[in-house]
Amino acid sequence: MPISLSSSPSYSVLNLKTRLHSPLYLTTVKRHRLWSPTPTKNYNADFQEILPGKYSGHLGAVQVRGSWWNLPGVQASESSTAKPVTVSMALKRIWGLIGDDNWIVFLALGALFIAAVSEISMPRILAASVFSANSGESAAFSRSSRMLILLLIISGICSGLRSGCFAMANTILVKRLRRSLYAYLVFQDISFFDMETVGSLTSRLGSDCQRLSHVIGNDIHLIIRNAIQGTGALINLLTLSWPLTLPTLIICSVLAIIFSIYGRYQKRAAKLMQEFNACANNVAQETLSLMRTVRAYGTEGEEVERYKRWLDELAFVSIRESAAYGLWSMSFLTLYRFTQVLAVLLGGICIMNSQLSPEQLTKYILYCEWLIYATWRVVDNSSSLLQSIGACEKVFHLMDLLPTDQFLSQGVKLQRLMGNIQFVNVSFHYPSRISQVPILDRLNLAIQANEVVAIVGLSGSGKSTIVNLLLRLYQPVSGQIYMDGLPLDELDIRWLREKIGFVGQEPDLFNMDIKSNIKYGCPREVKDEDIEWAAKQAHAHEFISSLPHGYQTIVDNDLLSGGQRQRIAIARAMLPDPAILVLDEATSALDAESEHYLKGVFHGLRNESRSKRTIILIAHRLSTIKTADRIVVMDKGQIIEMGDHTELLQKGGLYSRLIGAQAKSMA
Ligand SMILES: Nc1ncnc2c1ncn2[C@@H]1O[C@H](COP(=O)(O)OP(=O)(O)OP(=O)(O)O)[C@@H](O)[C@H]1O
């Protein structure tokens, strides 16, 4: 009989149940494919079917082949369309990640082998010592007892070594897996992040990586251990009596068949639960991160209901899986006990016919238990291994993605960037939304070094998209962008980004002190005076100094006003003294006084001896851009007007209409 707690049948049954329902097991999935705000089907009614009374007439549906067991179809996910990951591929990768530390796994396997052989030798010696004591053979009894104690010590030490080493290998694997995956993710193209949700990616990094490590820490280790012990038990049974072994082997085969049926059902249920759990998490994540909006609109009740609907779906599948689990447990335990009963019945007949001694029967019963138990564990852990690998396919697929080619090639670094920019016949649409009408349509624009160019236009006309292309966050579909006469994609990307200061529409601050936020990404060593200079230029020094901890104040997106965040972001963009400064609605949250001041700074800066720069301004507030050298007016991805403020007003086109409309709204 297995002696350790972890290897006792009842513990393992519990263990299986716990694993299936653990958060690790229920990883989240890609939102844009699987997530929808509410479930497509109302499972509430179906869920009621399990309740007694009202639905008791539907008992037929609950029969093994009844409709009650039907699970909803699994929607196509990324992993189902990508190349499936086989066990050998997964193991090869895991092995590669363990790298130089593979000696730990070898040590664990060695200890596992010794412990398994020691444990499987025990029942025979145990029975021998009991029967030698019974027959008064003291020498044999003392020999067996010494042997038992020796095996006990060896198996104890080796089991400890095995568990410790596998746990260590596990820790190493999780760490390396997460680090590698994270490194793969941060080097992906920006369009990749348009298609993936943050929740899904963090879930890959967290629970999926942890789940994958389960493969080595649990599944493989238990498969090998039980395979060794099962083989040992079978050899012992065959040497004791091969005719008696046959019924046990038949029971083991029946058990394997039942388990494979249950395993398939369990696998589908697990996949669905994983999806529904991800959807519930997405609702929770969305609601909690938009709590201010939820509170302002008083939709707390609706949000709770929305979350509950996904929980209902989860429960719908979970209830059926639990019922299937109950049937499986019933079959397993019945067959398990049946083996013992059969062994006693057949063995008893053999004893009465003097074909078997009581000692042999005792050994036989003990090894029968080992065999059936080992069969169950091998089948169970193989199924768990397949499920772990299946559920974590996405991790491997993400690790197969190549980093964005921007980082692969070494581009040209110019001695000095002057800031001449040219868009030649540039057309573009976002990879995540390949629309009929391009976002930019054969756009031509030339910006001279040190020029201040403002881009205006209706919302959605493509202003920010121009900036996105200039920063090389996306590649034009056709046409070319030149920087100082060189194609943008031939320039070294890191060098280029160091030369461009950018403040976006909603600048984000990192959860660190103001000083670190200002010098974030600055390629050179900066002194405190430089940081203060940048803050003063951004009209931020005054409010920063008034904070109790000044520049050391820890901030994040929620702790400062929109205008204060914008000023810190402007200081960050100015600190490296960039050759090109791009401000995309960077002053929209500022009060009139700050904006007026900053306008002066921007215009003054390009003439200052310290730095001359090209400035691109995008603004809806037209007062911000009046003094620009040139104003570019965009509509539906095309430039429709260009000139300075007075010229455009005289033209009487979209610009003058925008100015007129804004003046009216101010009146
Ligand atoms: N990451 C993206 N993925 C798909 N479509 C996008 C993406 N970003 C913008 N778009 C679409 O591209 C079009 C142009 O967007 P863009 O942000 O360039 O407009 P904009 O003129 O800057 O607007 P606004 O003044 O409101 O900021 C819009 O229709 C928008 O929906």
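This is a predicted model, so every value here is computed, not measured.

1. What to know about the nonpolar core
With 64 residues, the main nonpolar core has Ala454, Ile455, Ala571, Val582, Leu617 and Ile631 as its most contacted residues. Here this core gets six residues from one element, more than from any other, and that element is helix H20 (residues 562–574). Those residues in contact with Val582, other than ones at most four positions away along the chain, are Val467, Leu470, Ile500, Gly501, Phe502 and Ile616. Leu112, Ala115, Tyr367 and Leu371 belong to the second largest nonpolar core, which has 58 residues in total.

2. Structural notes on the site of the ligand
Tyr430, Ser459, Lys463, Ser464 and Thr465 are the nearest of the 13 residues found near the ligand. At three residues, helix H15 (residues 463–470) tops the list of elements feeding residues into the shell around the ligand.

3. Comments concerning the sheet that holds strand E10 (residues 614–618)
Read from one edge of the open sheet, six strands run E6-E9-E10-E3-E11-E12, paired in mixed fashion. What marks the edges here is a single partner per strand, and that holds for strand E6 (500–503) and strand E12 (638–643). When the angles between neighbouring strand axes are averaged without regard to direction, this sheet yields 15°. Pairing between strand E3 (residues 452–457) and strand E11 (residues 630–635): five bridges, direction parallel. Within E11, the position partnered with Val456 by the bridge is Val633. Contacts from H20 reach E6 and strand E9 (580–584) within the one sheet, and its direction differs from that of E6 by about 175°.

4. Remarks on the domain arrangement of the protein
Along its sequence, the protein is carved into domain 1 (87–400) and domain 2 (421–666). Inter-centroid distance (C-alpha atoms) of domain 1 to domain 2 is 56 Å. On the side of domain 2, five residues touch domain 1, which itself brings four residues to the contact. Tallied by class, the residues present in the side of domain 1 that touches domain 2 amount to two nonpolar, one polar and one charged.

5. So, the environment of Gln662
By the secondary structure assignment, Gln662 is in helix H23 (residues 654–666). Of the residues examined, Gln662 has 14 C-beta atoms within 10 Å and is grouped as partly exposed. It is 46 Å that separates the C-alpha atoms of Gln662 and Lys308, two residues lying 354 residues apart in sequence.

6. Digging into the confidence of the model for the protein
Where the model shows low pLDDT, its predicted coordinates should not be examined in detail. The predicted model of the protein has a mean per-residue pLDDT of 80, with 84% of residues at 70 or higher. Note on residues 1–35: pLDDT under 50 across the span, and 67 contacts to partners over four residues away in sequence or across chains. Of the two predicted TM-score estimates for the complex, the pTM is 0.73 and the ipTM is 0.96.

Rules and cut-offs
Residue numbers here run from 1 along each chain, matching the order of that chain's written sequence. Per-residue local features are limited, in this predicted model, to residues with pLDDT of at least 70; the limit for side-chain atom pairs, both in listing and counting, is 80 or more; totals at the level of whole chains, interfaces and linings are taken over all residues. Only buried Ala, Val, Leu, Ile, Met, Phe, Trp, Tyr and Cys residues enter a nonpolar core, and they are joined through C-beta atoms within 7 Å. The burial criterion counts other C-beta atoms lying within 10 Å of a residue's C-beta, which is placed from the backbone; the residue is buried at 20 or more, exposed at 12 or fewer, and partly exposed between these limits. Each helix corresponds to a stretch of at least 4 residues labelled H or I by DSSP, and each strand to a stretch of at least 2 residues labelled E; elements are numbered beginning at the N terminus. In this description, any two residues whose backbone-derived C-beta atoms lie within 7 Å of each other are considered to be in contact. Working rule for contacts: place C-beta from the backbone, and if it is within 6 Å of a molecule or strand, that residue counts as near it. When DSSP finds two or more bridges between a pair of strands, those strands are recorded as paired. Axes, fitted as lines to C-alpha atoms, cover a helix only where it is in contact. Angles between the N-to-C directions of the axes lie from 0 to 180 degrees. By convention here, the domain bounds are inherited from an automatic or database domain assignment. Residues were grouped as follows: Ala, Val, Leu, Ile, Met, Phe, Trp, Tyr, Cys and Pro as nonpolar; Asp, Glu, Lys and Arg as charged; and all remaining residues, including Gly, as polar. Per-residue confidence from the predictor is reported as pLDDT, a score between 0 and 100.

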